[in-house]
Amino acid sequence: MLDASAVSAPPRKKRRINWRKVKINWQLYLLLAPALAYFAIFKYYPMYGLQIAFKYFRAVDGIWGSRWIGFEHFERFFNSYYFWDLIKNTLFINLYALALFPISIIVALSLNELRDGKFKKIAQTITYAPHFISTVVLVGMIIAFLDPATGIINSLLGRIGIGPISFMTRPDLFKSVYVWSNEWQNLGWGAIIYLAALAGVDPQLHESAKVDGASRLQRIWHVNIPSIFPTIVIMLILRAGSMMSVGFEKILLMQNPLNLSSSQVISTYVYDSGLLHGQYDYSTAIGLFNSVINLVMLVICNRLARRTGASLW
Amino acid sequence: MLTKLLNSDRAFDVCNKIFVWLLIIIVAYPLVYILSASISDPYYVNSGEMILLPKGITFEGFQRVFQSSEIWIGYRNTIFYTVLGTLINLAVTLPCAYALASDQLAGKKVIMALLVFTMFFDGGLIPTYLLVRDLGLINTIWSQVLPSAASMWNIIVTMTFFKMNIPKGLEEAAEIDGASHLRIFFQIVLPLSKPIIAVMALFYGVAHWNQYFGALIYLQDRALFPLQLFLREILVRQQITAELMRQSGMVEAIREHARIADIIKYAVMIVSSLPVLMIYPFLQRYFVKGVLIGSLKE
């Protein structure tokens, strides 16, 4: 420790690596090694593999040796008849989910107002529970509950004279089923972060608002919401960064030939054309297109968010 | 004025409680329903007569599920992948987080930047698949644990915990005494970090237990399938394997096929979800703690 600070480089050369410090602390790099190896192999090497998006990939030629063809795959994708359908489905599902973003905030605000600590705890335990159900079981539940002949939802709807509705085969209902079942699974879990932010609200703010004669609702509106606003912004940015990719594993399970026109999104199409049909190079190009959009959205949203004072970096 | 406020506050409390009760009902109902349906006669379930409580109680579903050797294979594999995978996750995450939390690490900014970048951009599905294939991991247990050996999010959570909970002076004192980083890590930091080890084991463990996609693309051998893949066949593709059928001793008709499908459907949901749902309430504070540490900005 003393050593390291004594030899610390002058401010000008700050960017240079202090090899002495590295040498003294070599064991730190040893501890870091497994993680670095993992990220190098499983995260960075696939980025090297991304070049097949610009190549005519043949396994015998390898990633490096395959013939360069520029943007041909991208052009093929942009000109394909399904391009706009994929974009539309991907965007719609995500904007729909984004529209329900406030639900978790409302749940948090509401749980936060409960005076009965025990009831609050029970409510939390129950609402968090669905988060732990696997995607496969969740989709299995959706399919079972919504079955037009045997599902409980349709039999309840039947009692009030509606239906039966074949939810899973109707393209126009697919997005609602997807988004609302997501909400069911995560409305409680998503509230945790806001609950924590609410726990940090300065009680004096509430006291002075009370003195000013503010009602509970007014205090929520004028004290609680502004206090958790930075958290809300950060969650929104993170959401925007994964805008085009979330939910892939669940959508894949919910797809069937009849709802495909509404349920095929970019990421599921990459799986379909790449792994099921072996078009590795073409699918990599589509995946890359998707990742780049994600990255750009994240950066743009973060820029916008900086103006409100909350940002990721 | 004051009484008016108090009255409005009381009204607010009542409305709020009703709202929370509604939430609880909406969230809990499907869970109670599958539990009841799993021990009910499928006739009552399918006709919509069973709405909340079990009707025509039968344990045939569970019997069939437990008699199925594939479910047991799936269970065994899932437990194996979860234990092995979580151990690997911890072995990668904890040392890495400790090193990143240390002030002595030269080049920390660059390393952090490189690691964080992978949270927002990666090679994507196909290049990753080709890598796993070229490494010869297809159809091996390693395909289930190595590609997900660490999550940067969890590393950051652990790092934040170390920064907050390991007193700075401790590390310095140990170094003056001549303790190396390895000794500090294993003999001082780890014993002080049981809560974060529990949080990480839970986060990673649940993820392994519930995951199906890695198995779907990397495994072909049914003997290696985790439980979730068998569930996918039963619940999503609604294929009842010949093996589950044969036990009835009479592969006679589609009708019998449908009846068996109905009877095992809910039992299988319960059997696969129960372990996690049972332990979660007792460990809830650890899960919540994990989310909260993750939300702290350095």
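Residues numbered from 1 in each chain as written. Chains lettered and ligands numbered in written order. Predicted model: local features only at pLDDT ≥ 70, side-chain atom pairs only at ≥ 80, totals over all residues. Heavy atoms only, no water.

## Points about the overall build of chain A
Per the secondary structure count, chain A includes 18 helices and two strands. Taken along its principal axes, the extent of the C-alpha atoms in chain A is 65 × 60 × 35 Å. Counting all 313 residues of chain A, 50% fall into the buried class. Partitioning the contacts of chain A with sequence separation of at least 6, the portion at a separation of at least 24 is 64%. Accessible surface, chain A as shown: approximately 15,700 Å² in total, 64% of it carbon and sulfur. Here chain A holds 29 positive side-chain charges and 16 negative ones, and the gap between their average locations is 11 Å. (Helix = DSSP H or I, 4+ residues; strand = E, 2+ residues; numbered from the N terminus. Buried < 20%, exposed > 50% of the residue type's maximum accessible area, 1.4 Å probe, protein only. Contact = heavy atoms within 4.5 Å. Areas by Shrake-Rupley, 256 points an atom, 1.4 Å probe, with all protein chains shown as cover. Lys, Arg positive; Asp, Glu negative; His and termini not counted. Charge placed at Lys NZ, Arg CZ, Asp CG, Glu CD.)

## Points about the overall build of chain B
Counting its regular elements, chain B contains 15 helices and zero strands. Relative to a compact globule of 298 residues, whose C-alpha radius of gyration would be 19 Å, chain B shows 25 Å and is clearly more extended. Across its three principal axes, chain B shows a C-alpha extent of roughly 75 × 75 × 35 Å. Across chain B, contacts joining residues at least 24 apart in sequence account for 72% of those joining residues at least 6 apart. For chain B, the exposed area adds up to about 13,800 Å²; of that, 67% sits on carbon and sulfur atoms. (Rg over C-alpha atoms; globule rule 2.2 N^0.38 Å.)

## Re the domain arrangement of chain B
Residues and elements named next belong to chain B. As far as domains go, chain B holds domain 1 (1-58) and domain 2 (62-298). On the domain 2 side, the residues contacting the nine residues of domain 1 number seven residues. Taken over both partners, the interface formed by domain 1 and domain 2 buries close to 780 Å², and the fraction arising from carbon and sulfur atoms is 79%. In terms of surface lost to domain 2, no three residues of domain 1 exceed I34, S38 and P42, which account for 55% of the buried area on that side. On the surface where domain 1 and domain 2 come into contact, there are zero salt bridges. Here domain 1 is connected to domain 2 by one residue pair in polar contact (both at pLDDT 80 or more). Secondary-structure elements contributing two or more residues to the side of domain 1 that touches domain 2 are helix 1 (2-38) and helix 2 (42-47). A per-element tally of the side of domain 1 that touches domain 2 places helix 1 first, with five residues. (Domains from an automatic or database assignment. Buried area = accessible area lost by both parts, 1.4 Å probe. Salt bridge = Lys/Arg side-chain N within 4 Å of Asp/Glu carboxyl O. Polar contact = N/O pair within 3.5 Å; in protein donor to acceptor, adjacent residues only side chain to side chain.)

## Some remarks on the pattern of salt bridges
All chains considered together, the criterion is met by twelve salt bridges over all chains. B:D13 is the salt-bridge partner of A:R216, the closest N and O atoms lying 3.1 Å from each other. Of this pair, A:R216 sits in helix 14 (residues 216-241) while B:D13 is found in helix 1, placing the two residues in two different chains. Linking B:R222 and B:E233 is a salt bridge whose minimum nitrogen-to-oxygen distance equals 2.9 Å.

## Some thoughts on the nonpolar core
Within the largest apolar cluster, 185 residues are counted, with the highest numbers of intra-cluster contacts made by B:L100, B:F162 and B:Y266. Dropping the residues within four chain positions of it, B:Y266 is found in contact with A:A144, A:F145, B:Y33, B:I34, B:A37, B:S38 and B:V45. (Core = buried A, V, L, I, M, F, W, Y, C linked by side-chain atoms within 4.5 Å.)

## Some points on the domain arrangement of chain A
All names here are of chain A. For chain A, the assigned domains read domain 1 (2-70) and domain 2 (75-306). One C-alpha centre belongs to domain 1, the other to domain 2; they are set 35 Å apart. With eight residues of domain 1 at the interface, the matching set in domain 2 holds five residues. For the pairing of domain 1 and domain 2, the buried interface totals around 510 Å² over both sides, and the portion due to carbon and sulfur atoms is 79%. Counting across the domain 1 and domain 2 interface gives zero salt bridges. Class assignment for the residues of the side of domain 1 that touches domain 2 results in six nonpolar, one polar and one charged. (Nonpolar A, V, L, I, M, F, W, Y, C, P; charged D, E, K, R; others polar.)

## What to know about the side chain of B:T86
Mapped onto the elements of the fold, B:T86 is located in helix 4 (residues 69-101). Of the residues examined, B:T86 reaches a relative accessible area of 9% and is grouped as buried.

## Considering the packing of aromatic side chains
Residues and elements named next belong to chain A. With the rule as written, the count across this model stands at 46 aromatic pairs over all chains. Geometrically, the ring pair formed by F54 and W68 is stacked, given 5.7 Å between the ring centres and 15 degrees between the ring planes. Of this pair, F54 sits in the loop between helix 3 (26-49) and strand 1 (55-56) while W68 sits in strand 2 (residues 67-68), and the two are 14 residues apart along the sequence. On the basis of relative accessible area, F54 is assigned to the buried category, the value being 18%. What makes W68 exposed here is its relative accessible area of 56%. Three or more aromatic residues joined by ring pairs make a cluster, and in this case those are F54, W68, F71, F74, F77, F78, F83, W84, Y282 and F289. (Phe/Tyr/Trp six-rings, centres within 6.5 Å; stacked < 30°, edge-to-face > 60°.)

## Regarding a nonpolar patch on the surface
Together, A:V292, A:V296, A:I300 and A:L304 line one region of the surface with nonpolar side chains, adding up to about 330 Å² of accessible area. Along the chain, A:V296 falls in helix 18 (residues 280-306). (Patch = residues over 30% accessible without salt bridge, like charges linked within 9 Å, V, L, I, M, F, W, Y side chains within 5 Å.)

## A few points about the interface of chain A and chain B
In this complex, chain A contributes 95 residues to the contact, which on the side of chain B involves 98 residues. In total, about 8,600 Å² of surface goes out of reach between chain A and chain B, with carbon and sulfur atoms giving 76% of it. Per-residue buried area on chain A facing chain B is highest for A:L31, A:F42 and A:F132; these three make up 9% of the total on that side. At the boundary of chain A and chain B, one finds two salt bridges. Summed over the shared surface of chain A and chain B, the result is 22 residue pairs in polar contact (both at pLDDT 80 or more). With 19 residues, the top contributor of residues to the side of chain A that touches chain B is helix 3 of chain A. By residue class, the composition of the side of chain A that touches chain B is 68 nonpolar, 19 polar and eight charged.

## With respect to the environment of B:I111
Within the element layout of this structure, B:I111 appears in helix 5 (residues 108-120). Put simply, B:I111 and B:L100 are eleven residues apart on the chain and 8.5 Å apart in space, counted from C-alpha to C-alpha. Once residues lying within four places of it in the same chain are set aside, the contact partners of B:I111 are A:Y29, A:L32, A:L36, B:L100, B:L105 and B:A106.

## Digging into helix 3 (residues 60-67) of chain B
What helix 3 of chain B keeps buried is the set B:G61, B:F62, B:R64 and B:V65. For helix 3 of chain B, the angular spread of the buried residues around the axis is 160 degrees, confining them to a single face. (Arc of directions from axis to C-beta.)

## Points about the packing of helix 17 (residues 266-276) of chain A against helix 18 of chain A
Residues and elements named next belong to chain A. Axis separation between helix 17 and helix 18 bottoms out at 8 Å; the angle between their running directions is 165 degrees. By the angle between their axes, helix 17 is roughly antiparallel relative to helix 18. Relative to helix 18, the crossing made by helix 17 is left-handed. For the pair formed by helix 17 and helix 18, the contact residues are I266, S267, Y269, V270, S273, G274 and L275 on the first element and Y280, Y282, S283, I286, G287, F289 and N290 on the second. (Axes fitted to C-alpha atoms, helices over the stretch in contact; angles between N-to-C directions. Parallel < 35°, antiparallel > 145°, perpendicular 65-115°, else oblique. Left-handed = near helix turned anticlockwise from the far one by under 90°.)

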